[in-house]
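# Coordinate analysis (summary)
Chain by chain, the residues:
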Amino acid sequence: MRYYTTVLSMSPIDDQSTLGDWQFGLYPSCATYHALFPFSWTVFEEPLPGIRVVIKQLSPFLAHSYSEASLPCGTLLVEVTNTDPLMEAEVSVMFSFQNGTDIATSSKINAAVKSNTCVAVGADDQRLHRPFEASDGSVTGILMQSAVHNIPGTDHIPSSGSKCFAAQGETSFAIATSPSLLSAAAPCKTRASSCSRFVSARASDRNRFFSCASPSSATAADRDKGSEASASRLWRLFVAHGDIAEVLQHDKVVGEDAAGTAQAAAVCLRKTLRPLQRELFPFALAWATPIVRFGGGDCFRRYFTRFFGHSGDSSAAIAAYALHNAADWDGRISAWHSETLSLLPVSDNSSTAGTDSSGGYYRHQLFNELYFLVDGGTIWTDTSAGLDNPWQESRLAEKLIDIAGGDRGSQLSVSLSELQQLRVRMLQHDEFCQRADGGDQSAVGQFMYLEGHEYLMYNTYDVHFYASFALLMLWPQLELSLQKDFALAVCLEDRSIRRMMGEGALRPRKVAGSVPHDLGSPTEAPWRKTNAYNFQDVSNWKDLGPKFVLQIYRDLTYLKHQRLGKGAINTDRFLQMTYPILLEVMHNTAKFDCDDDGMIENSGFPDQTYDIWTAKGVHAYCGGLWISACNATCSLVLWPSAIWLT
């Protein structure tokens, strides 16, 4: 029998690099990439003779989910077809992932270690990478920890016993596969294997895909021939047997030789496919950084910790959970796609993947542009008004991971029964959120995303005005929570003086009664220090106030028409809280009516979202927003649920 092996990547690699023996450089014409967010899939037509491969990626971007949608994970469903009509094919798929890059040689970190500011766990610690499996054997994987302890500002975050909790800055990755889940109706011979650690890059590598931190440590790293060869030995095992095993068991990376190297782990699944048989090889990736820490020192728990706890080990349980629920997520996302597309006008001869009367481009962008809700520097915290929600230690979270034999270096076991109980609890939480008070942050937390990766400002309001309808349709509670944040920020005042970059004028950072441009920067203290934007004086912008009023009115109107049965979000208290602030905003904006004719005027500088365009006097853009906001304010007075009057 002849064996064929390749890396499913078109990227070439230097033969002298750590992964030089791996068979990179697949011919580009054999692969086609597709995307319909949150799905993406790459079709490989015969990357090896007689084999067709489709790698489908998905994450739990689940509309109206306030539990699973917060999970930091994704799944890769590798569909392999044996296209030979006569012969069986033994197919192995290996999934490897690099545990960041080594930072121990960074001068900044070394200085911190010497001053006891933080202590980095050394790369020679075998506990950094540990195998785990589900209690019933349905999942096997590797947990990769990256630990930096004693970070200033995390003292208030609870910890428990001898476990290393995120209060000490712990974060982790986990990769996993399943030999039994998502298999075809007719089972086939299956074997799972893993390698908990191998050196995937070293300081002497110059390949841009596998760069390392410190060239200064190249000599030391290169002396460790065992480290240099571990990736090669792993590849030879995979090529020769279709399985993998430990390759650093006897010649581990130690001491200074570990500096400047990056380490990885791998899981592998081998199946025997009958002629023309199609089989799924499922994999999952999870990453757990339970605590978000901003530049100003504020630390908060991410929202997923409400379900999986704030231990840095939680990525193992999340990866196992993802594999057990990937099929359900796939079905729910597909149903959402179909439901949305059914609302579009479709020509008689078009298919789901075809074109509609607005063009196929519009059809795809309806979904694909939603990526920014996930990838836009997104932060979802378990907080209310910028303060941690009361922590309720989850017994389920405590029981998710057991350590075999009580030894922290031993294999971890993820409890399947506890995962199943947790899923029930999470779905119950979603049901509760659907009927909770609008924007109840004790239930749904707080949500922020950046204006852009180059504009480090959270929830930039003048452009959220355009993007917010997607958030309202998919996660209305998060949209109302965000609006509450802006309502509270209207009342804030920060009289610190800054020089505006646009025209050089000195202005206070935040004026009470004005709608902020944004809720702050990740480099400072979001929610507490708003208006990270300092190009123009946003306290005198003419469009922010009307946009606030119109979004409140739009959100309430949409949810009123969505009320069906007992699952309706209760917006009465939301309106009661926001309406007095809405009136204050309207009174504050009315001061820009300089001639008492009822119409606001622009002031002769870029005083609206188009911040390099000067407008003076009555302006169609700002004037139109003002008239609409006046109408919305009057309409809310007649709102059916006038509880805000009490």
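Now for a look at the structure at hand. (Residues numbered from 1 in each chain as written. Predicted model: local features only at pLDDT ≥ 70, side-chain atom pairs only at ≥ 80, totals over all residues. Heavy atoms only, no water.)

### Observations regarding the overall build of the protein
Scanning the protein from N- to C-terminus turns up 15 helices and 25 strands. Counting the 646 residues in the protein, one finds 54% classified as buried. The long-range fraction of contacts in the protein, counting pairs at least 24 apart against all pairs at least 6 apart in sequence, stands at 72%. Of the roughly 28,200 Å² of accessible surface on the protein, 54% is carried by carbon and sulfur atoms. (Helix = DSSP H or I, 4+ residues; strand = E, 2+ residues; numbered from the N terminus. Buried < 20%, exposed > 50% of the residue type's maximum accessible area, 1.4 Å probe, protein only. Contact = heavy atoms within 4.5 Å. Areas by Shrake-Rupley, 256 points an atom, 1.4 Å probe, with all protein chains shown as cover.)

### Some thoughts on the sheet that holds strand β11 (residues 190-201)
The strand order β5-β12-β11 describes an open sheet built from three strands, whose pairing is antiparallel. Every other strand in the sheet has two partners, leaving β5 (89-98) and β11 as the edge strands with one partner each. Between one strand axis and the next, the sheet turns through 20° on average, direction left out of account. Relative to strand β12 (residues 262-273), β11 runs antiparallel, the two sharing nine bridges. (Pairing = 2+ DSSP bridges. Axes fitted to C-alpha atoms, helices over the stretch in contact; angles between N-to-C directions.)

### Thoughts on unusual backbone geometry
Following Phe37, the chain continues to Pro38 via a peptide bond in cis, the omega torsion being 5°. Relative to the helices and strands, Pro38 is located in the loop between β1 (31-36) and β2 (39-48). Located in the positive-phi region is Glu46, a residue other than glycine, with phi close to 50°. Within the secondary structure layout, Glu46 lies in strand β2. For Leu276, which is not glycine, the phi torsion reads 65° and is therefore positive. Looking at where Leu276 falls in the secondary structure, it is placed in the loop between β12 and β13 (278-288). Under the relative-accessibility criterion, Leu276 is labelled exposed at 54%.

### Some words on the pattern of salt bridges
Counted by the stated rule, this structure contains 23 salt bridges. The residue Glu279 makes a salt bridge to Lys271 at a minimum N-O spacing of 2.9 Å. The class for Glu279 is buried, based on a relative accessible area of 1%. Each of the salt bridges in this network shares a partner with another, and the network as a whole consists of Glu68, Asp328, Arg332 and Arg423. (Salt bridge = Lys/Arg side-chain N within 4 Å of Asp/Glu carboxyl O.)

### Looking at helix α15 (residues 620-637)
The periodicity of an α-helix, 3.6 residues per turn, causes residues three or four positions apart to be oriented the same way. End to end, α15 covers 26 Å across 18 residues, agreeing with the expected 26 Å (1.5 Å per residue, within 8%). Among the residues of α15, those classed as buried are Tyr621, Cys622, Gly623, Leu625, Trp626, Ala629, Ala632, Thr633 and Leu636. Of the surrounding elements, those touching the buried residues of α15 are α11 (461-474), α13 (544-562), α14 (572-590) and β24 (602-605). (Expected span 1.5 Å × (residues − 1).)

### Some words on the pairing of β2
Pairing geometry for β1 and β2, over six bridges, is antiparallel. Looking at the pairing, Ala35 lines up with Ser40 of β2. The hairpin turn running from β1 into β2, its antiparallel successor, is two residues long.

### Examining the side chain of Glu279
Locating Glu279 in the fold gives a position in strand β13. At 2.9 Å, the side chain of Glu279 forms a polar contact with the side chain of Lys271. (Polar contact = N/O pair within 3.5 Å; in protein donor to acceptor, adjacent residues only side chain to side chain.)

### Quick look at the side chain of His464
Tracing the sequence through the fold places His464 in helix α11. Of the polar contacts made by the side chain of His464, one reaches the side chain of Tyr449; its length is 2.7 Å. The residues touching His464, leaving out its near neighbours within four places in the chain, are Tyr449, Leu471, Glu479, Leu482, Gln483 and Gln551.

### Brief notes about the nonpolar core
One broad trend across soluble globular proteins is that nonpolar side chains are buried collectively. By size, the foremost hydrophobic cluster in this structure holds 108 residues, and its most contacted members are Leu71, Phe132, Phe308, Trp475 and Phe548. Counting residues in each nonpolar core, the second largest holds 24 residues, with Val53, Val80, Val93 and Val267 among its members. (Core = buried A, V, L, I, M, F, W, Y, C linked by side-chain atoms within 4.5 Å.)

### Section: the environment of Arg528
Tracing the backbone shows Arg528 in the loop between β23 (506-510) and α13. The exposure class of Arg528 is exposed, given its relative accessible area of 52%. In this structure the C-alpha to C-alpha distance between Arg528 and Glu493, which are 35 residues apart in sequence, comes to 9.9 Å. The residues touching Arg528, leaving out its near neighbours within four places in the chain, are Asp298 and Leu492. Reaching out from Arg528, the side chain makes a polar contact with the side chain of Asp298 at a distance of 3.1 Å.

### Some details on the pairing of β23
Where strand β22 (residues 494-499) lies against β23, four bridges are found, and the strand directions are antiparallel. Its bridge partner being in β23, Ile497 is matched across the sheet by Pro508. Hairpin geometry of β22 and β23 is characterised by an intervening segment of six residues between the two adjacent antiparallel strands and by a positive phi of about 80° at Gly504.

### Concerning the packing of aromatic side chains
As enumerated under the stated definition, the model contains 28 aromatic pairs in all. Seen in terms of ring centroids, Tyr321 and Trp329 are 6.3 Å apart; in terms of plane orientation they differ by 45°. Their pairing is tilted. In terms of burial, Tyr321 and Trp329 fall into one category: buried. For the ring pair Phe469 and Tyr558, a centre distance of 5.5 Å and an interplane angle of 80° mean the geometry is edge-to-face. In this pair, Phe469 sits in helix α11 while Tyr558 sits in helix α13, placing the two residues 89 residues apart along the sequence. Joined through ring pairs, the aromatic side chains of Tyr303, Phe307, Tyr371, Phe372, Trp380, Phe447 and Tyr449 make up one cluster. The cationic tip of Lys56 hangs over the ring face of Phe39; the distance from NZ or CZ to the ring centre is 4.1 Å. Taking NZ or CZ as reference, Lys271 lies 5.2 Å from the ring centre of Phe281, over its face. (Phe/Tyr/Trp six-rings, centres within 6.5 Å; stacked < 30°, edge-to-face > 60°. Lys NZ or Arg CZ within 6 Å of the ring centre and 35° of its normal.)

### Quick word on a nonpolar patch on the surface
Together, Val463, Tyr466, Tyr610, Ile612 and Trp613 make up an exposed nonpolar region whose accessible area comes to about 560 Å². Its place among the elements puts Tyr466 in helix α11. Since its relative accessible area comes to 47%, Tyr466 is described here as partly exposed. (Patch = residues over 30% accessible without salt bridge, like charges linked within 9 Å, V, L, I, M, F, W, Y side chains within 5 Å.)

### Some details on the environment of Cys433
By secondary structure assignment, the location of Cys433 is in helix α9 (residues 416-435). C-alpha of Cys433 to C-alpha of Pro476: the two residues are 43 residues apart in sequence and 9.9 Å apart in space.

### Overview of the packing of α11 against helix α12 (residues 476-490)
In the contact formed by α11 and α12, the axes pass within 7 Å of each other and the chain directions differ by 150°. As summarised for this structure, α11 and α12 are arranged roughly antiparallel, according to the angle between their axes. Note on element contacts: α12 touches α11 through Pro476, Leu478, Glu479, Leu482, Gln483 and Phe486, opposite Tyr461, His464, Ser468, Leu471, Leu472, Met473 and Leu474. For the contact of α11 with α12, the per-class residue count stands at nine nonpolar, three polar and one charged. (Parallel < 35°, antiparallel > 145°, perpendicular 65-115°, else oblique. Nonpolar A, V, L, I, M, F, W, Y, C, P; charged D, E, K, R; others polar.)

All we've got here are geometric facts, nothing functional implied.
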